[in-house]
Amino acid sequence: MNSPQEIWQNQSAERNTMTLKLIEWKARDLRAKTRKKLLGTLVCPLAVGLLYGFTPRRGMLAPFFICALIWSFAGLYFLNRGMRWATMSADAGLAGGLQFCLGELQRQRRFVQQSLLWSFGPLALAIGTFIYGLALTGRGFFPKALPFVALVVIWICLYFFSRWHEQRGLQYEIDELREFERGNGG
Amino acid sequence: MTSSRESSELASARRTITSEHNRSFSCSDVLENSVSGDYLNVGGTEPIPAGPASQAELYREAVDRFGPSLERLAGAYEADPEKRRDLSQDIHFQLWRSFAGYDGRCSLRTWSYRVAHHVAASHVIRERRVYSTLVGLEELEALSDKAEGPESADRRLNLDRLSALIRRLKPLDRQIIVCWLEDMDTASIAEVTGLSPANVGMRIHRIRKVLAKRFHEGGSL
């Protein structure tokens, strides 16, 4: 009878070899993805600027927006810092699977944490200021805009919760691997 | 004639792809970056340090020797054919790149498997599947397998079952089972995964138990 190894090794698989053309294409593809990620991080300062533009009585609230803008620009630096030091799986040929998985999970957790702090934080501040600015315009604002405000608050809470949950899941995985590493004698 | 053309093509390809990534990184550099995913420097204007001349030969040798295993490995990490092709190309791309920094400190096989598993593990982690539905060997042992009956003894079905079972595992356990299925010995698996041989041995024992439980009814083990 067939052993699992035999079944596994006798499966048909298409042969894939990297040609120079394919390498160039892959490199272009990766560059495009990186550019897209870099552009993605610009969304936060842009959104802050946009909210500032639409805020009534913005002169009074300008310090808050400036604060959010500075915060988000600092975020641009911190979020993109990792990209400047481009690293790939290929650079970790000397690391074992356990070490690599641990590092990759830590990287992911740090990324989630940093995007909460540097992207979500300034955006939440700008949205809060924007809503406050709207509230300052007149007494009738709150009953009318309550559904909008409620939706924004729900979105902020859900986003924060999902990111927090994701971070907790990653931390759980990291702890599990660390435990495993200790058992492994590492 | 051909070889000089080939080497000039390779040099130009190297110029095209690489910017900062041929720099030698220490493991901690590699593992401590805060950005998720693989990136290339978008500027690509810096002068490129030339990789070792043997990069292309090493890559070719690795593909000749382990090409089919690498395809099977991609299959163990991704079920969707389109994504699997992408993953496979990523593995080959990273492998090709990695040989610029290969210094012979480990065997070609260990190096190739490590890089391939790293790329695949990154893919799984990035796809956020690690902590949602994936299980460890321990949980897999405890899970029942009601959907699969003894009639599914045929090779194709067995392969599907085996692949499905592998794809339910967390990356580290997946590495062990894939290496074991590729007939690697305990010491080599330990080298690839970074686990102790004793730990690998214990996990292989568990894998065999799980597989025996799942496949014995089908009469295929």
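Anyway, here's the lowdown on the structure attached to this text. If you're wondering where the values come from, they're calculated on a predicted model, not measured in any experiment.

1. Observations concerning the packing of helix 3 (residues 43-54) of chain A against helix 5 (residues 97-137) of chain A
Residues and elements named next belong to chain A. In the contact formed by helix 3 and helix 5, the axes pass within 9 Å of each other and the chain directions differ by 5°. Considering their axes alone, helix 3 and helix 5 lie roughly parallel with respect to each other. Contacts between helix 3 and helix 5 involve Cys44, Ala47, Val48, Leu51 and Phe54 from the former and Trp118, Ser119, Pro122, Leu123, Ala126, Ile127 and Phe130 from the latter. Split by residue class, the contact of helix 3 with helix 5 holds 11 nonpolar, 1 polar and no charged.

2. A closer look at the environment of Ser69 of chain B
Its location among the elements puts Ser69 of chain B in helix 3 (residues 55-77). Between the alpha carbons of Ser69 of chain B and Ala100 of chain B there is a distance of 22 Å; along the sequence they are 31 residues apart.

3. Notes on unusual backbone geometry
The phi angle at Asp183 of chain B is positive, at roughly 70°, despite the residue not being glycine. Looking at where Asp183 of chain B falls in the secondary structure, it is placed in the loop between helix 8 (171-181) and helix 9 (186-193).

4. With respect to the nonpolar core
Ranked by size, the top nonpolar core spans 66 residues in total, and within it Leu73, Phe99, Ile166, Ile177 and Ile189 of chain B carry the most contacts. Each residue touching Leu73 of chain B, except ones within four places of it in the same chain, is listed here: Ile91, Tyr113, Ala116, His117, Ala120 and Val178 of chain B. If you look at the next biggest cluster of nonpolar residues, it comprises 16 residues, including Val48, Phe65, Phe130 and Ile131 of chain A.

5. What to know about the packing of helix 8 of chain B against helix 9 of chain B
All names here are of chain B. Put simply, helix 8 and helix 9 touch, their axes get as near as 10 Å, and they point 145° apart. Helix-helix and strand crossings are classified by hand; for helix 8 and helix 9 the assignment is right-handed. Of the residues in helix 9, those in contact with Leu172, Gln175, Ile176, Cys179 and Trp180 of helix 8 are Ile189, Val192 and Thr193.

6. A closer look at the side chain of Ser122 of chain B
Assignment of secondary structure puts Ser122 of chain B in helix 5 (residues 108-126). Polar side-chain contacts of Ser122 of chain B include one of 3.2 Å to the side chain of Glu104 of chain A.

7. Quick word on helix 5 of chain A
Residues and elements named next belong to chain A. Compared with the 60 Å implied by 1.5 Å per residue over 41 residues, the 59 Å span of helix 5 between its first and last C-alpha is a close match. Taking the largest bend as the criterion, helix 5 deviates by roughly 35°, centred on Phe120, and proline Pro122 comes between one and four positions later. Burial of helix 5 is extensive: 29 of the 41 residues sit out of reach of the surface.

8. Section: the pattern of salt bridges
Applying the stated criterion to the full structure yields 11 salt bridges over all chains. The salt bridge partner of Arg107 of chain A is Glu104 of chain A, with a shortest N-O separation of 3.2 Å. You can see Arg107 of chain A and its partner Glu104 of chain A sitting in helix 5, 3 residues apart, about one turn around the helix. When sorted by exposure, Arg107 of chain A lands in the same class as Glu104 of chain A, which is buried. Between Arg72 of chain B and Glu182 of chain B there is a salt bridge, and its shortest N-O distance comes to 2.8 Å. Linking Arg72 of chain B in helix 3 with Glu182 of chain B in the loop between helix 8 and helix 9, this pair joins segments that are 110 residues apart in sequence.

9. A short note on a nonpolar patch on the surface
Residues and elements named next belong to chain A. A surface patch of nonpolar side chains, about 300 Å² in accessible area, is lined by Leu39, Leu42 and Leu46. If you trace the backbone, Leu42 turns up in the loop between helix 2 (20-40) and helix 3. Its relative accessible area of 34% is what places Leu42 among the partly exposed residues.

10. Examining the packing of aromatic side chains
Residue and element names in this part refer to chain A. The full count for this structure, using the stated rule, is 11 aromatic pairs over all chains. The interplanar angle of 55° and the centroid separation of 6.4 Å between the aromatic rings of Phe120 and Trp155 together place this pair among those described as tilted. Of the two residues, Phe120 is situated in helix 5 and Trp155 in helix 6 (residues 141-183); the sequence distance between them amounts to 35 residues. For Phe120, a relative accessible area of 9% corresponds to the buried category. A residue is classified by how much of its surface remains accessible, and Trp155, at 41% relative accessible area, is partly exposed.

Reading the values: the criteria
Residues numbered from 1 in each chain as written. Chains lettered and ligands numbered in written order. Predicted model: local features only at pLDDT ≥ 70, side-chain atom pairs only at ≥ 80, totals over all residues. Heavy atoms only, no water. Axes fitted to C-alpha atoms, helices over the stretch in contact; angles between N-to-C directions. Helix = DSSP H or I, 4+ residues; strand = E, 2+ residues; numbered from the N terminus. Parallel < 35°, antiparallel > 145°, perpendicular 65-115°, else oblique. Contact = heavy atoms within 4.5 Å. Nonpolar A, V, L, I, M, F, W, Y, C, P; charged D, E, K, R; others polar. Core = buried A, V, L, I, M, F, W, Y, C linked by side-chain atoms within 4.5 Å. Buried < 20%, exposed > 50% of the residue type's maximum accessible area, 1.4 Å probe, protein only. Left-handed = near helix turned anticlockwise from the far one by under 90°. Polar contact = N/O pair within 3.5 Å; in protein donor to acceptor, adjacent residues only side chain to side chain. Expected span 1.5 Å × (residues − 1). Bend = angle between axes of the 7 residues up to and from the residue. Salt bridge = Lys/Arg side-chain N within 4 Å of Asp/Glu carboxyl O. Patch = residues over 30% accessible without salt bridge, like charges linked within 9 Å, V, L, I, M, F, W, Y side chains within 5 Å. Areas by Shrake-Rupley, 256 points an atom, 1.4 Å probe, with all protein chains shown as cover. Phe/Tyr/Trp six-rings, centres within 6.5 Å; stacked < 30°, edge-to-face > 60°.

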